[in-house]
Amino acid sequence: MSNTQPTPRLAFLQILEENRPQAVAWLQGGSDYPQISGLVKFYATPYGGILIEAEIFNLPDISVPGGTGFYALHIHEHGDCSQDFSKTGSHYDPDGNPHPWHSGDLLPLLGNQGYAWGAFYDKRFQIKDILNRSVIIHKNPDDFTTQPSGNSGGKIACGVIRSSRP
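Residue numbers restart at each chain and count upward from 1, following the sequence in its written direction. Since the coordinates come from a predicted model, pLDDT governs what is reported: local features require at least 70, and pairs of side-chain atoms require 80 or more to be given and counted, while whole-chain, interface and lining totals use all residues. To obtain the side-chain values, all non-hydrogen atoms of the structure were included, while hydrogens and water were left out.

Here we come to the sheet that holds strand β7 (residues 116-122). Where strands meet in a sheet, backbone hydrogen bonds hold them as pairs that are either parallel or antiparallel. Each pair of strands is called paired provided DSSP finds at least two bridges between the two strands. Helix and strand definitions here come from DSSP, where helices need a minimum of 4 consecutive H or I residues and strands a minimum of 2 consecutive E residues; each element is numbered from the N-terminal end. Spatially, 7 strands are ordered β5-β8-β9-β1-β2-β3-β7 in an open sheet, and the strand pairing comes out antiparallel. Each edge of the open sheet is held by one strand with a lone partner, namely β5 (73-76) and β7. Averaged over all pairs of adjacent strands, the angle between strand axes in this sheet comes to 20 degrees, irrespective of strand direction. Note that strand β8 (residues 134-138) and strand β9 (residues 155-163) share 5 bridges and pair antiparallel. Across the sheet, residue H138 finds its bridge partner in β9, namely K155. Lying on the sheet, helix α1 (residues 8-18) is in contact with β2 (37-44), β3 (50-57) and β7; it crosses β3 at an angle near 50 degrees. In this description, a line fitted to the C-alpha atoms serves as the axis of each element, helices being fitted only across the stretch in contact, and the angle between N-to-C directions of two axes falls anywhere from 0 to 180 degrees. The contact criterion used throughout is that any non-hydrogen atoms of two residues lie within 4.5 Å.

What we call a disulfide is simply a covalent bond connecting the sulfur atoms of a pair of cysteines. A pair of sulfur atoms, both from cysteines and within 2.5 Å, is called a disulfide here. Applying the stated criterion across every chain yields a total of 1 disulfide. A disulfide bridge connects C81 with C158, and the sulfur atoms are separated by 1.9 Å. Disulfide C81-C158: torsion about the S-S bond near -65 degrees, hence left-handed. In this pair, C81 sits in the loop between β5 and α2 (82-85) while C158 sits in strand β9, placing the two residues 77 residues apart along the sequence. C158 sits in the buried class, given a relative accessible area of 3%. Burial classes follow relative accessibility: with a 1.4 Å probe on protein chains only, a residue under 20% of its type's maximum area counts as buried, one over 50% as exposed, and anything between as partly exposed.

On to the pairing of β9. On a regular strand, each side chain points to the face opposite its neighbour's, so the side chains alternate between the two faces of the sheet. Here strand β1 (residues 23-29) runs beside β9; their pairing, made up of 5 bridges, is antiparallel. The residue bridging G29 from the neighbouring strand is A157, located in β9.

This brings us to the pattern of salt bridges. A pairing counts as a salt bridge when a side-chain nitrogen of Lys or Arg comes within 4 Å of a carboxyl oxygen of Asp or Glu. Considering all chains together, one arrives at 3 salt bridges under this definition. With a shortest N-O distance of 3.4 Å, E18 and R20 are connected by a salt bridge. A salt bridge links D122 to R124; its shortest N-O distance comes to 2.6 Å. Accessibility expressed as a relative area gives 6% for D122, which makes it buried.

Structure representation (structure tokens):
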């Protein structure tokens with residue numbers, strides 16, 4: 001990029017500031033962690049990818065003073081958060097890639113005494129591709145190696161990705 005053109009970061013900041021996502025997933029904890037709640041927002045960008053913002057409350061490290069913990073964050077095939085999230089299927093992976101190259105393999109969350117916030121850019125899918133699928137938080141961090149899902153542990157929170165546009 002030349003010195004006269006803005007960087008993608010500036011566009012991303014403006015997108016987040018406008019706070020008009022094209023899709024959202026409201027996450028709720030399962031029976032083992034019912035206190036977990038949060039929102040994952042999906043924004044289209046002028047760069048052909050998606051800006052993803054997650055804000056999560058009451059992760060398991062909340063009671064540990066100064067506690068931090070990593071949690072895997074994935075998009076799963078199916079948008080069915082019933083039965084403690086057993087119907088969400090595998091990671092979203094339309095191209096048949098091995099883990100961690102599934103389209104649904106996202107950056108991990110870093111919980112700080114139960115709270116996590118993060119935003120990142122992803123160019124592996126469009127919003128239309130992920131509507132009615134689920135966002136899952138797993139109890140453990142993703143090791144980015146183990147097949148088929150990174151040894152990320154149980155599903156502790158789930159939300160269905162829905163369009164936020166009428």
